[in-house]
Amino acid sequence: DGGITQSPKYLFRKEGQNVTLSCEQNLNHDAMYWYRQDPGQGLRLIYYSQIVNDFQKGDIAEGYSVSREKKESFPLTVTSAQKNPTAFYLCASGEGSSGTDTQYFGPGTRLTVL
Amino acid sequence: AQSVAQPEDQVNVAEGNPLTVKCTYSVSGNPYLFWYVQYPNRGLQFLLKYITGDNLVKGSYGFEAEFNKSQTSFHLKKPSALVSDSALYFCAVRDLDSNYQLIWGAGTKLIIKP
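Residues numbered from 1 in each chain as written. Chains lettered and ligands numbered in written order. Predicted model: local features only at pLDDT ≥ 70, side-chain atom pairs only at ≥ 80, totals over all residues. Heavy atoms only, no water.

1. Structural notes on the pairing of strand β8 (residues 64-68) of chain B
All names here are of chain B. Across three bridges, strand β7 (residues 56-58) lies against β8 in antiparallel orientation. Bridged to Val-57 within β8 is Ala-65. Adjacent in sequence and paired antiparallel, β7 and β8 are bridged by five residues, among which Tyr-61 carries a positive phi angle near 60°. Linking β8 to strand β9 (residues 73-78), which pair antiparallel, is a turn of four residues; within it Thr-72 sits at a positive phi near 45°. (Pairing = 2+ DSSP bridges. Helix = DSSP H or I, 4+ residues; strand = E, 2+ residues; numbered from the N terminus.)

2. Remarks on the side chain of A:Gln6
All names here are of chain A. Mapped onto the elements of the fold, Gln-6 is located in strand β1 (residues 4-7). Within the structure, Gln-6 has its side chain in polar contact with the backbone oxygen of Tyr-89 (distance 3.1 Å). Here the side chain of Gln-6 touches Gly-108 through a polar contact of 3.0 Å, landing on its backbone nitrogen. Other than its neighbours up to four places away in sequence, Gln-6 contacts Ser-22, Trp-34, Tyr-89, Leu-90, Cys-91, Gly-106, Pro-107, Gly-108 and Thr-109. (Polar contact = N/O pair within 3.5 Å; in protein donor to acceptor, adjacent residues only side chain to side chain. Contact = heavy atoms within 4.5 Å.)

3. Some details on the pairing of strand β5 (residues 44-51) of chain A
Residues and elements named next belong to chain A. Where strand β4 (residues 31-37) meets β5, five bridges bridge the pair, whose relative direction is antiparallel. Each bridged residue has a counterpart across the sheet, and for Tyr-33 the counterpart in β5 is Tyr-48. Between the antiparallel neighbours β4 and β5 lie six residues, among them Gly-40 with a positive phi of about 75°. Strand direction decides the pairing type here: β5 and strand β6 (residues 54-57), joined by three bridges, are antiparallel. Bridge pairing links Ile-51 to Asp-54 in β6. Counting the residues that bridge the hairpin from β5 to β6 gives two residues, and of these Asn-53 lies at a positive phi of roughly 70°.

Coordinates in, geometry out; function isn't part of it.
Encoded structure:
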């Protein structure tokens, strides 16, 4: 988990609310990623960014939004359009898109919709 | 299509015995393969990766993995299991046709019994 922080650790949301999950890294990595983890499933990519001020949709981007204004920060907003947001959210960073680089993960944020 | 499979949802091993967690993959080109471990309510920790070279890759905590091109497998192994190895293990393969994004297996729960 070292070098990547996520906050909060637990987050509760009421229906219809937008919430923002924080992800910060001090590894000087160019690439950052957001994944969603549900029980019994592998990680699913929500959004990724390979450079500041640029990001791409992953496999399940609907109902989510991101920004990448600073190299070290990649916040994820879960909007009210996401119909089933209860999940464990993982942020990761990597050196870039060379194909061989390793992704390093933060400790995760568990989001629960009340 | 690129894919990775972990055929066992759960593996049970007695402490001190060797362990194997299986992973098979399908990619169109050369695979870049990764193993990660996840402890409860934590982020993923990188264990090891295969890029090229020696088919036997050594990683953290005494784990190793053997790349077998003919069987398209990348099984994770450890000669002597510890109770503390109990965790969720994920195999991932790099999709070179999708801007180098990782494709994840569903995970295998490893239980080491004393």
